[in-house]
Amino acid sequence: MGDLFVVVSLRAKAGKEGTLRRDLKAIVDQSRKEEGNISYDLFIDRTDPSRFVFIEHWASQEHQHKHHNEGPHIQFFHENGAQNVENTEFAYFLDRLE
């Protein structure tokens with residue numbers, strides 16, 4: 001297998017939208033610098049400001065796994081910012097059909 005695409009939707013807890021937005025934006029720049037990252041983008045739903053969507057493109061599943069499980073900025077978020085997440089609405093790990 002080659003490239004891995006990840007699409008994840010997070011919903012903020014009521015009243016925590018701004019805090020979560022700030023914390024998620026802080027993750028983006030560091031993630032883009034990681035080995036194996038091809039693109040890493042964060043979106044907000046136009047009709048629901050409590051919904052945030054990541055679209056990630058990694059060179060391999062191993063690179064994404066290292067990012068998610070070992071990245072210091074991700075670990076910091078899990079320990080300090082994740083309390084503002086109501087739930088993960090979906091997480092898709094996708095292979096491109098050629």
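Residues numbered from 1 in each chain as written. Predicted model: local features only at pLDDT ≥ 70, side-chain atom pairs only at ≥ 80, totals over all residues. Heavy atoms only, no water.

## Description of the packing of helix 2 (residues 61-70) against helix 3 (residues 72-80)
Worth spelling out the cut-off: To obtain an axis, a line is fitted to C-alpha atoms, over the contacting stretch when the element is a helix, and the angle between two such axes runs from 0 to 180 degrees between their N-to-C directions. Helix numbers and strand numbers start at the N terminus; a helix is a DSSP run of H or I with at least 4 residues, a strand a run of E with at least 2. Throughout this description, any angle smaller than 35 degrees is read as roughly parallel, any larger than 145 degrees as roughly antiparallel, any in the 65 to 115 degree range as roughly perpendicular, and the remainder as oblique. Should any heavy atoms of two residues lie within 4.5 Å, those residues are counted as being in contact.
Their axes nearest at 6 Å, the elements helix 2 and helix 3 cross at an angle of 45°. Overall, the two elements helix 2 and helix 3 adopt an arrangement that is oblique. In this structure, helix 2 contributes His-67, His-68, Asn-69 and Glu-70 to the contact, and helix 3 contributes Pro-72, His-73, Ile-74, Gln-75 and His-78.

## Some details on the layout of surface pockets
Cut-off, in case you're wondering: Detection works on a 1 Å grid of protein atoms alone, calling trapped sets that fit a 1.4 Å probe cavities and calling open sets with protein on both sides within 12 Å along at least five of seven lines pockets, with lining residues defined by an atom within 4 Å of a point. Grid points are joined across faces, edges and corners, and a volume is the space filled by probe spheres set on the points.
The calculated volume of the largest pocket comes to roughly 380 Å³. Around the largest pocket, the lining comprises 21 residues; the ones closest to its centre are Val-8, Leu-10, Glu-56, His-68 and His-78. Looking at the lining of the largest pocket, the elements with two or more residues in it are strand 1 (4-12), helix 1 (17-32), strand 3 (51-58), helix 2, helix 3 and strand 4 (85-94). Here the element with the most residues in the lining of the largest pocket is helix 2; it accounts for five residues.

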